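# Survey of secondary and tertiary structure
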Amino acid sequence: MIFPTELFAQDALTPISLLGAVALGAGFGFVLERSGFGRAQKLVAQFYLTDMAVFRVMFTAVVTAALGTSLLAAVGLLDLKAVTVNYPTFLWPMVAGGLLVGAGFVTSGYCPGTSVVAAASGKLDGLLTVAGVVIGAVAYAEAQPALAAFHDSGKLGGVFLYQLLNLPPIGLAAIIAVAAVGCFIGAGKIERLVHAARLARAAPAASTPAR
Amino acid sequence: MTKDPERFWNPYLAGVALGLVLLATYLLTGKGLGASGASFRLGVAAIQAVAPAHVAEVPLMAATTEDGSPLRYWLVFELVGVVLGGFLGAWTSGRLRGETLKGPTFPSRSRWALALGGGALMGVGAQLARGCASGQALSGGALMSAGAWAFFLAFFGGGYALAALVRRQWS
């Protein structure tokens, strides 16, 4: 096993690991910006079915990293358990949290990461979303002792889909990759249907003479 | 080369690029990317500056001060990188511009309120879920964590459920 490396470890906090943090974060921010994810309209279009770039970029990234990690683990270069140990499942708070993050995403126009990219591109609404995330997180921390039972509910430890399906990680990653292609074709069909429906609705209005 | 602010990367190529950044992060550091954790720590750092005793009393806040300052944390430095990378991307594509993104007829103040309120919802949600779209859906999802995929599905459910109600801000 060569990976994960100790030199850049997130809990090392040495000058070299922190330099790595800035560099990897810069790559993350740059790719998000170039994907168009510093722009709220591009992001929320996912939820109005007019442009599914969010789904395409995110799902492609998930497939790429899933194939990469499981392939490197299969050939003995990566200790997968050393990485997955950091991702325990707390089922109910994760479902509730997902609903809230989705609702907040469509309301603010950003997610916590893309709001930072938007703020860095000069967008005031992005900066206010960042402020909102900070306020919400702090408010939750204040209330958490009273919500402790729910906060820790559905505590299943490390549960991974390939374990539930009794498949090797690389096998499930390959199945997800194939499924992704099908989903992307479906997403394109939905976009075309929505686009055609909008044109049909706009057409009678366009033929009405202006008053 | 001329800059076209309306031109974005092909979503599949952008997805592969994002996946490779994430893969490099796992290999080099043992953990994935994130955004909400660092945002929370900014807030805790601000409170610690004025009321350190209070930070010590609130369990989730106290847990961020084990190394002294809540800002002594890998993901805080990563978020500084996100700011730099986002700025560089916007600057080199002609998208760096001070403005509020909204529909032409929607009042700016209402848009600001929705941005702040939506952000607060996400702050709560990300604390509950131990991560946001980056830290949970993307990073946990690529490791095929059951909780991350449950989060991913709920995220889309929450977005579609509320979409019609907040659509007016884009018209």
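Residues numbered from 1 in each chain as written. Chains lettered and ligands numbered in written order. Predicted model: local features only at pLDDT ≥ 70, side-chain atom pairs only at ≥ 80, totals over all residues.

## Thoughts on the overall build of chain B
Counting its regular elements, chain B contains eight helices and zero strands. The N-to-C order of helical and strand elements in chain B reads α-α-α-α-α-α-α-α. Expressed as lengths along the three principal axes of its C-alpha atoms, the size of chain B is roughly 50 × 40 × 35 Å. Among the 171 residues that make up chain B, the fraction classed as buried is 57%. (Helix = DSSP H or I, 4+ residues; strand = E, 2+ residues; numbered from the N terminus. Buried ≥ 20, exposed ≤ 12 C-beta atoms within 10 Å, placed from the backbone.)

## A word on the overall build of chain A
Counting secondary structure elements, chain A contains ten helices and two strands. Since a compact globule built from 211 residues should have a radius of gyration of about 17 Å, the 21 Å found for chain A marks it as more spread out than a globular shape. Taken along the three principal axes of its C-alpha coordinates, chain A extends 70 × 40 × 40 Å. Among the 211 residues that make up chain A, the fraction classed as buried is 51%. Across chain A, the fraction of contacts at a sequence separation of at least 24, relative to all contacts at a separation of at least 6, is 64%. (Rg over C-alpha atoms; globule rule 2.2 N^0.38 Å. Contact = placed C-beta atoms within 7 Å.)

## Side note on the domain arrangement of chain B
Residues and elements named next belong to chain B. Its domain assignment divides chain B into domain 1 (1-98) and domain 2 (102-171). In this structure, domain 1 and domain 2 have C-alpha centres spaced 17 Å apart. Contacts between the two partners involve eight residues from domain 1 and, on the opposite side, nine residues from domain 2. Looking at the side of domain 1 that touches domain 2, the element that brings in the most residues is helix H2 (residues 36-50), giving three residues. When the residues that make up the side of domain 1 that touches domain 2 are grouped by side-chain class, the tally is four nonpolar, four polar and no charged. (Domains from an automatic or database assignment. Nonpolar A, V, L, I, M, F, W, Y, C, P; charged D, E, K, R; others polar.)

## Section: the environment of Ala131 of chain A
Summarising the element assignment, Ala131 of chain A is placed in helix H7 (residues 124-143). Note: C-alpha distance between Ala131 of chain A and Pro112 of chain A (19 residues apart in sequence) is 9.9 Å. Discounting chain neighbours no more than four positions away, the residues touching Ala131 of chain A are Leu116 and Gly119 of chain B.

## Digging into the packing of helix H3 (residues 53-74) of chain A against helix H7 (residues 133-142) of chain B
At a closest axis distance of 7 Å, the pairing of H3 of chain A and H7 of chain B adopts a crossing angle of 35°. For the pair formed by H3 of chain A and H7 of chain B, the contact residues are Met58, Ala61, Val62, Ala65, Ala66 and Thr69 of chain A on the first element and Ala137, Leu138, Gly141 and Ala142 of chain B on the second. Split by residue class, the contact of H3 of chain A with H7 of chain B holds eight nonpolar, two polar and no charged. (Axes fitted to C-alpha atoms, helices over the stretch in contact; angles between N-to-C directions.)

## Focus: the interface of chain B and chain A
Residue-level contacts link 110 residues of chain B with 110 residues of chain A. Secondary-structure elements contributing two or more residues to the side of chain B that touches chain A are helix H1 (11-29), H2, helix H4 (59-62), helix H5 (74-93), helix H6 (108-129), H7 and helix H8 (146-163) of chain B. Split into classes, the residues belonging to the side of chain B that touches chain A amount to 71 nonpolar, 29 polar and ten charged.

## Observations concerning unusual backbone geometry
In this model, Phe3 of chain A is joined to Pro4 of chain A through a cis peptide bond whose omega is -5°. Positive phi outside glycine occurs at Leu13 of chain A, with the angle close to 50°. Despite not being glycine, Arg130 of chain B shows a phi value in the positive range, around 60°. Along the chain, Arg130 of chain B turns up in the loop between H6 and H7.

## A closer look at helix H5 (residues 91-108) of chain A
All names here are of chain A. Between its first and last C-alpha atoms H5 spans 25 Å; for 18 residues at 1.5 Å apiece the expected length is 26 Å, and the two agree. Burial of H5 is extensive: 16 of the 18 residues sit out of reach of the surface. One or two positions beyond H5, positive phi appears at Gly109, with a value near 95°. (Expected span 1.5 Å × (residues − 1).)

## Section: the confidence of the model for chain B
Per-residue pLDDT for chain B averages 96, and the proportion of residues at 70 or more is 99%. As scored by the predictor, the complex reaches a pTM of 0.96 and an ipTM of 0.98. (pLDDT = per-residue confidence, 0-100.)

## Some thoughts on the nonpolar core
With 112 residues, the main nonpolar core has Val62, Leu100 and Val101 of chain A together with Leu22, Met122, Leu138 and Phe151 of chain B as its most contacted residues. Two domains each donate at least three residues to this core, and these are domain 1 (1-98) and domain 2 (102-171) of chain B. Look past the residues within four positions of Val62 of chain A in its chain and what remains in contact with it is Leu138, Gly141 and Ala142 of chain B. (Core = buried A, V, L, I, M, F, W, Y, C linked by C-beta atoms within 7 Å.)

## A short note on the packing of H5 of chain A against H6 of chain B
Interhelical geometry of H5 of chain A versus H6 of chain B gives an angle of 165° and a closest axis separation of 7 Å. The orientation of H5 of chain A relative to H6 of chain B falls into the category roughly antiparallel. Here H5 of chain A and H6 of chain B pass one another in a crossing that is left-handed. From H5 of chain A, Pro93, Met94, Ala96, Gly97, Gly98, Leu100, Val101, Ala103, Gly104, Phe105, Thr107 and Ser108 of chain A reach across to H6 of chain B, where they touch Leu114, Ala115, Gly117, Gly118, Gly119, Leu121, Met122, Val124, Gly125, Ala126, Leu128 and Ala129 of chain B. Each residue belonging to the contact of H5 of chain A with H6 of chain B can be placed in one class, and the counts come to 15 nonpolar, nine polar and no charged. (Parallel < 35°, antiparallel > 145°, perpendicular 65-115°, else oblique. Left-handed = near helix turned anticlockwise from the far one by under 90°.)

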